Amino acid sequence: MITVNDINFKNQCALIRVDFNVPLDGQFKVADATRIEAALPTIQKILNDGGRCVLMSHLGRPPGNDNNCSLKHLLPTLNVLLGVEAAFVPSCVGDEAEFAASKLTNGQVLLLENLRFHPEETHGDKGFAQKLSKLGDVYVNDAFGTAHRAHASTAIIANYFPNSKCFGLLLAKEIESIAKVMEHGKKPVTAILGGAKVSSKITIIDNILDAIDHLIIGGGMAYTFIKAQGGSIGDSLVENDKLDLALSILERAKEKHVTIHLPIDTLVADAFSEDAQTAFFPTNEIPNGWMGLDIGPKTRAHFAEVIALSKTILWNGPVGVFEMEAFAGGTIALGRAIAEATKKGAFSLVGGGDSVAAVKQFNLSDQMSYVSTGGGAMLESLEGKVLPGVAAILS
Ligand code: AMP
């Protein structure tokens, strides 16, 4: 895997696809700069080599040219974080952009306007990709968040740099973290899957069974498994058309010697609300009128034991309705157990949507080995799909 660390960028212009799709507040200020910060190591490496950088990204889903989604709003934050005054050009292809790129000198950074002001970007248009390719000598992809899209700037453009393309440090780290779990995870390998529905995780389960020793299932999806085994789940979330599928997953796990851990007890509520009445019940004996919204204390202790014995941990999906304080306890306990195991040397990867939001909310991010920056891209990686943005660099 060739990364920016394998190339000397002295006198070279790097055309970098970054993921600067950051949230903006009402005054168009960057509300969360995590994604900009994540791109800095790659940019700094190139500048330190004596090279220059042209940065391209999308922001939001603009219908076309739309001031609300202009990347110029990111410039003040980018400049502070970079410590260099970046230039901005209000286009990303054509004479103006080419002129601005040609004027760059080593040590300088140019930010292009939003790629998605042009529908050709998401259509993966070859002509548009070729125009973009005129803006640099080396193509660097550092945008994991869009690596699962075959867009002009994320995949098609690589065709115009057959011998001068590479991964940025962020994208490389994402790929390595997934491989650390899926290909060479130190055993025992434990995956924790939570979230609302079994249906959205089936492909992941299918793909990871060969790589793991333990599968912890929590969240709303657990009740479909409990009901399939004959348990009473009251008014908990269930997918009645997935009961057979749940049984077949349990069967397949057994064949592959994967131990499945389901919740033993549950924090139930009489309404889906922060101030509902609550009680603890065995997960397979929940009365009608009550719904399970978090794992109970016995389950928290059992899951923590499994996690403590694990050397590699993958976490995707909260084990309760963590957005409400009353039902966040299980997800917090699980996060802390993973943090504890990580401290003792386990490798932990948190990725794919709401578990990332949970570790951020509970200030556990820096206690995990790696927290992924890409929701959809991480999910597709766990499903075993080859990401177009990754394949384009490898080919
Ligand atoms: P997903 O996007 O599939 O990972 O689902 C995440 C969502 O699952 C979060 O918004 C959680 O609130 C929700 N969730 C977790 N546990 C439960 C539960 N027991 N009942 C209903 N929703 C849940």
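Values in this document were obtained by computation on a predicted structure and should not be read as measured data. (Residues numbered from 1 in each chain as written. Predicted model: local features only at pLDDT ≥ 70, side-chain atom pairs only at ≥ 80, totals over all residues. Heavy atoms only, no water.)

I'd like a rundown of the sheet that holds strand E7 (residues 189-193), residues and numbers included.
In space, the 6 strands of this open sheet follow the order E10-E8-E7-E15-E16-E17, with parallel pairing throughout. Strand pairing shows two members of the sheet lacking a second neighbour, strand E10 (259-261) and strand E17 (370-371), which therefore form its edges. Taken together, the 4 bridges between strand E15 (residues 312-316) and strand E16 (residues 347-350) define a ladder with parallel strand orientation. Among the inter-strand pairings, Leu314 is bridged to a residue of E16, identified as Leu349. Where helix H11 (residues 329-343) meets the sheet, it contacts E7, E15 and E16, and its direction lies at approximately 155° from that of E15. (Pairing = 2+ DSSP bridges. Helix = DSSP H or I, 4+ residues; strand = E, 2+ residues; numbered from the N terminus. Contact = heavy atoms within 4.5 Å. Axes fitted to C-alpha atoms, helices over the stretch in contact; angles between N-to-C directions.)

Summarise helix H10 (residues 297-308); cite the residues concerned and give the values.
Between its first and last C-alpha atoms H10 spans 16 Å; for 12 residues at 1.5 Å apiece the expected length is 16 Å, and the two agree. Along H10, the residues classified as buried are Thr299, Phe303, Val306 and Ile307. The buried residues of H10 occupy an angular sector of 100° when the element is viewed end-on, so they sit on one face. The exposed set on the far side of H10, more than 90 degrees from its buried face, consists of Lys298, Glu305 and Ala308. (Expected span 1.5 Å × (residues − 1). Buried < 20%, exposed > 50% of the residue type's maximum accessible area, 1.4 Å probe, protein only. Arc of directions from axis to C-beta.)

Now, about the sheet that holds strand E6 (residues 165-167): what can you tell me, with residues and values included?
Strand order across the open sheet formed by 6 strands is E3-E4-E2-E1-E5-E6, with parallel pairing between neighbours. In the strand order of this sheet, the two ends are held by strand E3 (87-89) and E6, each with one partner. Across the sheet, the mean angle from the axis of one strand to that of its neighbour is 25°, orientation sign disregarded. As paired elements, E3 and strand E4 (residues 109-112) share 3 bridges and run parallel to each other. What sits directly across from Phe88, in E4, is Leu111. Here helix H2 (residues 75-82) sits on the sheet and contacts strand E2 (52-56), E3 and E4; the angle it forms with E4, its principal contact strand, is near 155°.

Describe the packing of aromatic side chains, and please don't skip the residues or the numbers.
Scanning the model with the defined rule gives 3 aromatic pairs in all. When the ring of Phe281 is compared with that of Trp290, the centres are 6.5 Å apart and the planes differ by 50°; the resulting orientation is tilted. On the accessibility criterion, Phe281 (25% relative accessible area) is partly exposed. Since its relative accessible area comes to 22%, Trp290 is described here as partly exposed. (Phe/Tyr/Trp six-rings, centres within 6.5 Å; stacked < 30°, edge-to-face > 60°.)

Any details on the site of the ligand? Residues and values, ideally.
Around the ligand lies a shell of 14 residues, among which Ala196, Gly292, Gly320, Glu323 and Asp354 are the nearest. Note that an oxygen atom of the ligand is positioned 3.2 Å from one of the side-chain N or O atoms of Lys201. Contact distances for the ligand include 3.2 Å between a nitrogen atom and a backbone N or O atom of Gly220. Its free accessible area being 510 Å², the ligand has 81% of it covered by the protein chains. A per-class count over the shell around the ligand returns 5 nonpolar, 6 polar and 3 charged. (Near = heavy atom within 4 Å. Polar contact = N/O pair within 3.5 Å; in protein donor to acceptor, adjacent residues only side chain to side chain. Areas by Shrake-Rupley, 256 points an atom, 1.4 Å probe, with all protein chains shown as cover. Nonpolar A, V, L, I, M, F, W, Y, C, P; charged D, E, K, R; others polar.)

Quick one: what's the story with the environment of Phe9, residue by residue and with numbers?
Here Phe9 shows up in the segment before strand E1 (13-17). Residues Phe9 and Gly219, spaced 210 residues apart in sequence, show a C-alpha to C-alpha distance of 47 Å.

If you had to explain helix H5 (residues 126-133) to someone new, which residues and values would you point to?
Every buried residue belonging to H5 is among Phe128, Ala129, Leu132 and Ser133, and all of these are buried. In an axial view of H5, the angular spread of the buried residues amounts to 140°, which keeps them on one side of the axis. On its buried side, H5 packs onto E1, E2 and helix H4 (119-123).

Go over the packing of H10 against H11 with me, naming the residues and quoting the values.
Contact pair H10 / H11: the axes reach a minimum separation of 9 Å and the direction vectors enclose 20°. The angle between H10 and H11 falls in the class roughly parallel. Along this stretch, H10 crosses H11, giving a crossing that reads as right-handed. Contact residues: Arg300, Phe303, Ala304 and Ile307 in H10; Gly329, Gly330, Ala333, Leu334, Ala337, Ile338 and Ala341 in H11. For the contact of H10 with H11, the class distribution of residues is 8 nonpolar, 2 polar and 1 charged. (Parallel < 35°, antiparallel > 145°, perpendicular 65-115°, else oblique. Left-handed = near helix turned anticlockwise from the far one by under 90°.)

Tell me what's going on with the nonpolar core, and back it up with residues and numbers.
Counting 74 residues, the largest nonpolar core has Val54, Ile212, Leu215 and Phe225 as its most contacted members. No other element matches the 6 residues that helix H6 (residues 169-182) contributes to this core. Counting the residues that make up this core, at least three belong to each of domain 1 (4-174) and domain 2 (185-382). Within the second largest apolar cluster, 29 residues are counted, among which are Val22, Leu40, Leu55 and Val138. (Core = buried A, V, L, I, M, F, W, Y, C linked by side-chain atoms within 4.5 Å. Domains from an automatic or database assignment.)

I'd like a rundown of the pattern of salt bridges, residues and numbers included.
In the structure shown here, the tally under the stated rule is 10 salt bridges. For the salt bridge of Lys256 with Asp210, the shortest nitrogen-to-oxygen distance reads 2.9 Å. Taken together, the residues span a long stretch of sequence, with Lys256 in the loop between helix H9 (243-255) and E10 and Asp210 in the loop between helix H7 (202-208) and strand E8 (214-217) at a distance of 46 residues. For Lys256, a relative accessible area of 35% gives the class partly exposed. Glu383 is the partner of Lys385 in a salt bridge, and the nearest nitrogen-oxygen pair spans 2.9 Å. (Salt bridge = Lys/Arg side-chain N within 4 Å of Asp/Glu carboxyl O.)

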